[in-house]
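Report on the structure
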Amino acid sequence: MKNDAKNSFFTNPLVLQNIMYVLLRVMSLKFTFSKKFREMIKNDYNTFNKTIAIQTRDKAVKLYMVFHDGKMKVRHGIPEKADLTIIYKSPEIIKEFATLSPEDMLNYLLTNKLTFRGNLSYLSRFAYLLNNFIPPKTDKKTETNTSAKAVPGK
Amino acid sequence: MKTGFEHDREGTRRPPILRQAQALNYILTNKKPLIRTNSMLAGTTTSRDVGVMIYPEGHGITLWPELKTIATRKIQPYDIDEHTRELLDKKVFPFWSDRNVREYARAANNSPRYQELDEKFVLYFMWKTVALSHTVPDFPRILKHGLLPVIEDAERRKNTVDDERQKTFYSATEIALRGILHYADHLREEALRLMAKAQKNGPAEHYKRFADMLERVPASGARTLYEAVQSLWILWIALHNESTNAGLSLGHLDLWLQPYFESDMQGLKTDREREDYVKQTIELIGNFFFKCQDHVPLVADIGNKLFGGSSSDQAITLGGVDKNGSSAVNDMTYIFLKVTEMLTIRDPNMNARYYPGINSDDYLRRLVEVNMVTSATPSIHNDKAMIQSLKSIQFKEEDARQWCATGCVEPTIPGKHFGHTNSMMFNMVAALEMSLNNGVHPLAEEQIGIKTGSIEEDAFPTFEDFFHAFERQLRFLAYQTIDCNNSFGFAHQVIRPTPTLSSMFEGPMEKAKDLTEGGAVYNTSGVACIGLTDIVDSLMTIKKLVYDEKKTDFKTLHKAVDNNFEDYIKLHTLIQNKVAKFGSDTPEVNRLAQRVVDTVFDIFYNRTNYRGGHYLVGFWSMSNHVAFGTLSGALPSGRLRYKPFTPGLTPENVKGVDLLSSIRTIAGLKPEKMPNNIAFNVKVAPDSRDTHEETVDQITAYAKSYFELGGMQMQFNIVTTETLKDAMENPDNYRNLLVRVSGYNAYFVELDKDLQLEIVNRQQMRV
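In this report, we go over the structure that sits alongside the text. Just so it is clear, the model here is predicted, and its values are computed rather than measured.

A count of helices and strands for chain A gives six helices and six strands. Counting from the amino terminus, helix and strand elements in chain A follow one another as α-α-α-β-β-β-β-α-α-β-α-β. In chain A, which comprises 154 residues, the proportion classed as buried is 50%. Counting only contacts in chain A whose residues sit at least 6 apart along the sequence, the fraction spanning at least 24 positions is 64%. Just so you have it, chain A exposes about 7600 Å², and 55% of that area is on carbon and sulfur atoms.

Set out below in structure tokens:
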């Protein structure tokens, strides 16, 4: 019973939205105070000026981030125009995501727990930003003999 | 550099093909010329021993989320240093975020529904977001004459046309090809540098040979086999700098290299010299195989689930007949087979053509023997059936006889046919699921298909009514994929034109038209249809139990399917035991299978692609039968929820299906309705009481019967289920265990667990 109560508390859309709001606010502060972090969205080569919305399918959870000139602002609601909208199947799925590493985000597209509207590249970028904000959670290291060196370009 | 080569120095926007040519020229001109110690071939695909090719204009950006974790992920980890990570994150990926094929198509078409469906990844997978390089260039021409005549031809044509667009095409060709020559020059300089260094310490001759060869090729025609292979390797590097390393294929190399082999041999006087030459040739081709493995495709983790363990699928084709219909099996065929057998590596993807009645039994036996030694390669094709299939869809006979396998198993006429043979992986089962649910897809939980009637409202009084609903859903889904493929194709014309590849085809130079715009002689698009067995078995269950014998009603069956047959064990048993399955060689099932094949062929063939060609269907699945299956609900066939579909065109592992009945069933399907080929997987367990020779003889007899009956293709896994299970338990003991997935080879221990289990659970045929 205790667990059920805890579960339902954390999947309550309002609670979830507020938790996410706070987390994203902390992330936005990191952009403000960490030069290294900020360089991920503003550097000599590009500035990430885009709006990313997050919502559940039923729109019970809805907030968005505005990236502009090296800053990130977090807002409640649905933006007039989003460059990317990340749509979680349900509040439960958002909670499930909290146990994952951000790089697994694309895998969730396969199971339809996550869908999106907009530019897939921004979803990839956002996942990487999260990955730098939230450390990867699982140690996936296994032995393999196919390691190869990634190189830029061709 | 901030805008790549999008604008010239005056700020004028370059036409896409010119931009692409300038970029390629820059890359090749500035590419580090590397000659690896002990390598018999100069040049490398990347600057690393084994490198990952990153194509940000294609799917490269999907790696972005994993930049921090890619070195430690479970399947196919890549080492990456901090500099590379920073470069990709700050410069490369942001630049290409709005310039890649997927995003260009989305923005240009205002987020179309067909692309939304594509991005669910469970209905279909569109390969153009990654590549459209499933083709084979006209290497014989370039190997024989070199690149200079092509450049001169481009210059001459440029000076004789008035049209600016045409002039631009020829300029682009020339610029791109000159990039290749710059790279070859730099390799030659490197060879000279190494030679000078080596003179002090030893083997200068090795480097001198490189310098001499590179002075000639690929600019001019090759005179020896060694020069031909070196030339081919440089062209291969260049092509992979333009087109994604996904399915770009090498062609009929035994046939094409044989003249050089013969010419070399003629200059040799003694048996000893000839014997040494053959040994050197085996070493050279072995070296070429290893060089083909100096790059791996970029696969994001999501791709590991969809295409687990796949290499670049650089197909090499052997044997069969030549353009005149005579046997093409020659000395080089056996040299390639020897190398295949000795190395047992997953890439190049070896495909052998066998023409019953023209190619010898000894040759077929040798193909089987190499399969036995390697456990999984080469895949064997029936030349007669394939040529017949291609002829039936208006390929000229002489051209059809020159077909080569591409990527996995698909046919391409080298240098004439731009067929993007793997333009999409099409989940036919999704259409069946939608016809069971009035257009709602169970996993997506939304109305995706059209409303074709509800089982609960008795919408299907007869089996024909239900089949019609299935056909409508299939058509609906197919049309989504066609619109999506065409939209991505148009995006390629802007984002990724192919001046280099185009110069190695008949058609583009004559028409001043890039391959992506329809420059080739043949312009088809290939479709891989997935789940035929599951569909036929499901339709057969519905027909038999609901309509013919009335053992159950449709509502009950539907409920059982929805409940994954929980609480419906009796019905499940009935389905397993009383309904004839695909592969059992039952006439009624065979007719139904042919009907589904005909239906899907007609739906696709009658639509036109963005280059004006037909859509051609085939029945093979890479590893998508596992990915799609693990995302799909239970089926009327009795297949349970989230279980893989059967691979390619392979029967289910069930009672009533054995090797002979499978052979008769598959061979009975009409090749002309499957022109993009099939993958018929046969897992054979040799009898421990038989000798090697006896086993090879027996498998050869089965293969021969299959081909004589008209079967198009077959591929083996000659390995026991026990060995596979042991490999799952003790991967370190089986690092090189090669398996055929569905069209391509992979190392078993590097596959996703679902895929491993699917191979373990395939029916083990005894011979």
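Turning to the packing of helix α28 (residues 721-729) of chain B against helix α29 (residues 753-760) of chain B, a few remarks are in order. Residue and element names in this part refer to chain B. The interhelical angle for the contact between α28 and α29, taken along N-to-C directions, is 160 degrees, at an axis separation of 9 Å. Between α28 and α29, the angle is such that the two are roughly antiparallel. Here the hand of the crossing between α28 and α29 comes out left-handed. Between α28 and α29, the residues in contact are T721, L724, K725 and M728 and K753, Q756, L757, I759 and V760, respectively. When its residues are assigned to classes, the contact of α28 with α29 shows five nonpolar, two polar and two charged.

As a further point, take the sheet that holds strand β16 (residues 713-718) of chain B. Through backbone hydrogen bonds, the strands of a sheet pair up, either in parallel or in antiparallel fashion. Residues and elements named next belong to chain B. Within the open sheet, the six strands sit side by side as β5-β6-β7-β16-β15-β19. Their pairing is mixed. The sheet terminates laterally at β5 (315-319) and β19 (764-766), the two strands that pair on one side only. Going across the sheet, the axis of each strand differs from the next one's by a mean of 35 degrees, ignoring polarity. Bridge count between β5 and strand β6 (residues 349-354): five bridges; the pairing is parallel. Each bridged residue has a counterpart across the sheet, and for A315 the counterpart in β6 is N349. Running over the sheet, helix α14 (residues 361-374) touches β5, β6, β7 (379-382) and β16 and is turned about 155 degrees from β6.

In this section: the packing of aromatic side chains. The full count for this structure, using the stated rule, is 32 aromatic pairs over all chains. Cluster of aromatic residues (ring-pair linked, three or more members): F460(B), F463(B), F466(B), F467(B), F470(B), Y547(B) and F554(B). K30(A) extends its terminal NZ or CZ atom over the ring of F37(A), reaching a point 4.9 Å from the ring centre.

On to the environment of V150(B). Residues and elements named next belong to chain B. Structurally, the position occupied by V150 is in helix α6 (residues 148-160). By relative accessible area, which is 7% here, V150 ends up buried. Sequence separation between V150 and V546 is 396 residues; the distance between their C-alpha atoms is 64 Å.

Let's shift gears to the nonpolar core. Residue and element names in this part refer to chain B. L257 and F619 are the most contacted members of the largest nonpolar core, which totals 303 residues. The biggest single contributor to this core is helix α7 (residues 164-201), with 15 residues. In this structure F619 touches M428, C529, L532, V597, V600, G648, L649, K673, M674, N677, I678 and A679, once residues within four positions along its chain are discounted.

The subject of this paragraph is the pairing of strand β10 (residues 424-427) of chain B. All names here are of chain B. Residues M424 and F426 of β10 are buried on one face, and the alternating residues M425 and N427, pointing to the opposite face, are buried as well. Looking at chain direction, strand β3 (residues 124-126) and β10 are connected through three bridges and run antiparallel. Within the sheet, the bridge partner assigned to Y124 lies in β10 and is F426.

Here the focus is the side chain of N609(B). Residue and element names in this part refer to chain B. Structurally, N609 is set in the loop between α24 (587-605) and β14 (615-618). At a separation of 2.8 Å, a polar atom in the side chain of N609 contacts the main-chain amide nitrogen of R611. Filtering out sequence-adjacent residues up to four positions away, N609 remains in contact with N486, N523, T524, S525, H614 and Y615.

Another point: the interface of chain B and chain A. Every contact between the two is made by 59 residues of chain B and, on the other side, 46 residues of chain A. Taken over both partners, the interface formed by chain B and chain A buries close to 5000 Å², and the fraction arising from carbon and sulfur atoms is 58%. Between chain B and chain A we count two salt bridges in total. Summed over the shared surface of chain B and chain A, the number is 14 residue pairs in polar contact (both at pLDDT 80 or more). No other element matches the eight residues that helix α2 (residues 82-96) of chain B contributes to the side of chain B that touches chain A. Residue composition of the side of chain B that touches chain A, by class: 23 nonpolar, eleven polar and 25 charged.

Before going further, it helps to examine a positive patch on the surface. Residue and element names in this part refer to chain A. A surface patch of like charges, here positive, comprises R25, K71, K73 and R75. Considering each element in turn, the positive patch owes the most residues, three residues, to strand β3 (residues 71-76). If you trace the backbone, R25 turns up in helix α2 (residues 13-33). Residue R25 is classed as partly exposed on the basis of its relative accessible area of 36%.

Before going further, it helps to spend a moment on unusual backbone geometry. Here V217(B) and P218(B) are connected by a cis peptide whose omega angle stands at 5 degrees. Note that P218(B) resides in the loop between α8 (204-216) and α9 (225-242). A positive phi angle is found at K59(A), which is not glycine, with a value near 60 degrees. Residue placement: K59(A) occurs in the loop between β1 (51-56) and β2 (62-68). Look at K59(A) and you get partly exposed, because its relative accessible area is 40%.

Definitions and cut-offs
- Residues numbered from 1 in each chain as written.
- Chains lettered and ligands numbered in written order.
- Predicted model: local features only at pLDDT ≥ 70, side-chain atom pairs only at ≥ 80, totals over all residues.
- Heavy atoms only, no water.
- Helix = DSSP H or I, 4+ residues; strand = E, 2+ residues; numbered from the N terminus.
- Buried < 20%, exposed > 50% of the residue type's maximum accessible area, 1.4 Å probe, protein only.
- Contact = heavy atoms within 4.5 Å.
- Areas by Shrake-Rupley, 256 points an atom, 1.4 Å probe, with all protein chains shown as cover.
- Axes fitted to C-alpha atoms, helices over the stretch in contact; angles between N-to-C directions.
- Parallel < 35°, antiparallel > 145°, perpendicular 65-115°, else oblique.
- Left-handed = near helix turned anticlockwise from the far one by under 90°.
- Nonpolar A, V, L, I, M, F, W, Y, C, P; charged D, E, K, R; others polar.
- Pairing = 2+ DSSP bridges.
- Phe/Tyr/Trp six-rings, centres within 6.5 Å; stacked < 30°, edge-to-face > 60°.
- Lys NZ or Arg CZ within 6 Å of the ring centre and 35° of its normal.
- Core = buried A, V, L, I, M, F, W, Y, C linked by side-chain atoms within 4.5 Å.
- Polar contact = N/O pair within 3.5 Å; in protein donor to acceptor, adjacent residues only side chain to side chain.
- Buried area = accessible area lost by both parts, 1.4 Å probe.
- Salt bridge = Lys/Arg side-chain N within 4 Å of Asp/Glu carboxyl O.
- Patch = residues over 30% accessible without salt bridge, like charges linked within 9 Å, V, L, I, M, F, W, Y side chains within 5 Å.
- Lys, Arg positive; Asp, Glu negative; His and termini not counted.
- Charge placed at Lys NZ, Arg CZ, Asp CG, Glu CD.

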